[in-house]
Amino acid sequence: TQLLEQSPQFLSIQEGENLTVYCNSSSVFSSLQWYRQEPGEGPVLLVTVVTGGEVKKLKRLTFQFGDARKDSSLHITAAQPGDTGLYLCAGLTGANNLFFGTGTRLTVIP
Amino acid sequence: DVKVTQSSRYLVKRTGEKVFLECVQDMDHENMFWYRQDPGLGLRLIYFSYDVKMKEKGDIPEGYSVSREKKERFSLILESASTNQTSMYLCASSSLLGGTGTGTYNEQFFGPGTRLTVL
């Protein structure tokens, strides 16, 4: 089993603050995905990063894939209450198996 | 609007009962997956299927079986439910590169989940 550890597990911040969520593994992945899951719903894909060192931006969200393709980060600028949810990273192996991280539950307080 | 639907949002069963969880997707996807989601453990893969009547074990298949008789439908079966199977169950589907259906390669589309409680 490929282990993807996310930190922090829980994060509660005020609206307008910045935050970073980390996704770490000792395994190398061919690509890495980030999903967001809102209460009562299934996860929804936000972004896929493929190249080591790649940075992708989605409005206030910035995703980075580590140079060695073992880790990733998600940075949110000026968090909004609508950003509240469970953030999951998922790494794709060379054998096309997708392994999900342990999750970070974010709460943005108005 | 693409959709993955699951037969129940909430289910309460007793220990030893046989439980069926149904999942249907309308995207003509080849791949379908069953996960369970527990706090602090993320999503763990139970079984997946890449074609009709085909199935592969995931990371935690013990105590579960699956059935895929039609492309759009993937069922998870708990032959004899136990309390340690109380969890949120998520179904997902994805397409193959160059295959039919919507979505980019390996993007998984999830259903809303079934919260199963075994008493």
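Here the structure is a predicted model, which means the values were calculated and not measured.

1. Section: the packing of aromatic side chains
Then, number 1: Enumeration according to the criterion identifies 9 aromatic pairs over all chains in this entry.
Then, number 2: Measuring from centroid to centroid gives 6.2 Å for F33 of chain B and Y35 of chain B, while their planes differ by 25°, and the two rings are stacked. Both residues of the pair, F33 of chain B and Y35 of chain B, belong to the buried class.
Then, number 3: On the basis of an interplanar angle of 25° and a centroid distance of 6.1 Å, the ring pair of F33 of chain B and F48 of chain B is categorised as stacked. Highlighted residues: F33 of chain B in strand β4 (residues 31–38) and F48 of chain B in strand β5 (residues 42–49), separated in sequence by 15 residues.
Then, number 4: We classify F33 of chain B as buried; its relative accessible area is 9%.
Then, number 5: Of the aromatic side chains, those joined through ring pairs into one cluster are Y35 and F100 of chain A together with F33, Y35, F48 and F110 of chain B.

2. Some words on the confidence of the model for chain B
Then, number 1: On average, residues of chain B score 90 in pLDDT, and 91% of them are at 70 or above.
Then, number 2: Low pLDDT (under 50) marks residues 98–104 of chain B, which in the prediction has 16 contacts with non-local residues, meaning those over four places away or in another chain.

3. Here's the deal with the sheet that holds strand β3 (residues 19–24) of chain A
Residue and element names in this part refer to chain A.
Then, number 1: Spatial strand order, β1-β3-β8-β7-β6: 5 strands in an open sheet with antiparallel pairing. Here the strands that pair on one side only, and so sit at the sheet edges, are β1 (5–7) and β6 (55–58). Pairs of neighbouring strands in the sheet enclose a mean axial angle of 15°, with direction left out of account.
Then, number 2: Across 4 bridges, the pairing between β6 and strand β7 (residues 61–65) is antiparallel. In the strand pairing of β7, K56 is matched with F63.

4. With respect to the sheet that holds strand β8 (residues 73–78) of chain B
All names here are of chain B.
Then, number 1: If you walk across this open sheet you meet the 4 strands as β1-β3-β8-β7, and the pairing is antiparallel. Two strands in the sheet have a free side with no partner beyond their single neighbour: β1 (4–6) and β7 (65–70). Averaged over neighbouring strand pairs, the angle between their axes works out to 20° when direction is ignored.
Then, number 2: Of the pairings in the sheet, the one linking β1 to strand β3 (residues 19–25) comprises 3 bridges and is antiparallel in character. The residue of β3 that forms the bridge with Q6 is C23.

5. Describing the environment of Q33 of chain A
Residue and element names in this part refer to chain A.
Then, number 1: As for its position among the elements, Q33 is in strand β4 (residues 31–37).
Then, number 2: With 37 residues separating them in the primary sequence, Q33 and K70 have C-alpha atoms 12 Å apart.
Then, number 3: Reaching out from Q33, the side chain makes a polar contact with the side chain of Y35 at a distance of 2.6 Å.

6. As for the interface of chain B and chain A
Then, number 1: Tallying the contact residues gives 16 residues for chain B and 19 residues for chain A.
Then, number 2: Of the roughly 1400 Å² buried at the junction of chain B and chain A (both faces included), carbon and sulfur atoms supply 50%.
Then, number 3: Contact with chain A buries surface across chain B, with L43, N106 and F110 of chain B losing the most and accounting together for 30% of the total.
Then, number 4: In this assembly, chain B and chain A are joined by 4 residue pairs in polar contact (both at pLDDT 80 or more).
Then, number 5: At the level of secondary structure, the elements contributing two or more residues to the side of chain B that touches chain A comprise β4 and β5 of chain B.
Then, number 6: Its residues assigned to classes, the side of chain B that touches chain A comprises 7 nonpolar, 6 polar and 3 charged.

What counts, and at which threshold
- Every chain is numbered on its own, with residues counted from 1 as its sequence reads.
- Labels are handed out in written order, letters beginning with A for the chains and numbers beginning with 1 for the ligands.
- For this predicted model, a pLDDT threshold of at least 70 governs which residues receive local features, and a threshold of 80 or more governs which side-chain atom pairs are given and counted, while totals over whole chains, interfaces and linings are taken from all residues.
- Side-chain numbers come from the whole structure's heavy atoms, not from hydrogens or water.
- Two aromatic rings, drawn from Phe, Tyr or Trp (for Trp, its six-membered ring), form a pair once their centres lie within 6.5 Å of each other, and the interplanar angle then sorts them: stacked below 30 degrees, edge-to-face above 60, tilted otherwise.
- The cut-offs for exposure are 20% and 50% of the maximum accessible area for each residue type, with area from a 1.4 Å probe on protein chains only; residues under the lower value are buried, those over the upper are exposed, and the others partly exposed.
- Numbering goes from the N terminus for both helices and strands, where a helix is a DSSP run of H or I of at least four residues and a strand is a run of E of at least two.
- The predictor reports its confidence for every residue as pLDDT, a score running from 0 up to 100.
- Any two residues whose heavy atoms approach within 4.5 Å at even a single point are treated as in contact.
- The pairing criterion for strands is at least two bridges between them, as found by DSSP.
- Axis definition: a line fit to C-alpha positions, over the contact stretch in the case of helices; interaxial angles, taken between N-to-C directions, run 0 to 180 degrees.
- Whenever two N or O atoms come within 3.5 Å, that pair is a polar contact, provided that in protein one can donate a hydrogen and the other can accept it, and provided that, for residues adjacent in sequence, both atoms are side-chain atoms.
- Two parts lose some accessible area (1.4 Å probe) when they are put together, and adding that loss for both gives the buried area.
- Put simply, Ala, Val, Leu, Ile, Met, Phe, Trp, Tyr, Cys and Pro go in the nonpolar bin, Asp, Glu, Lys and Arg in the charged bin, and everything else, Gly too, in the polar bin.

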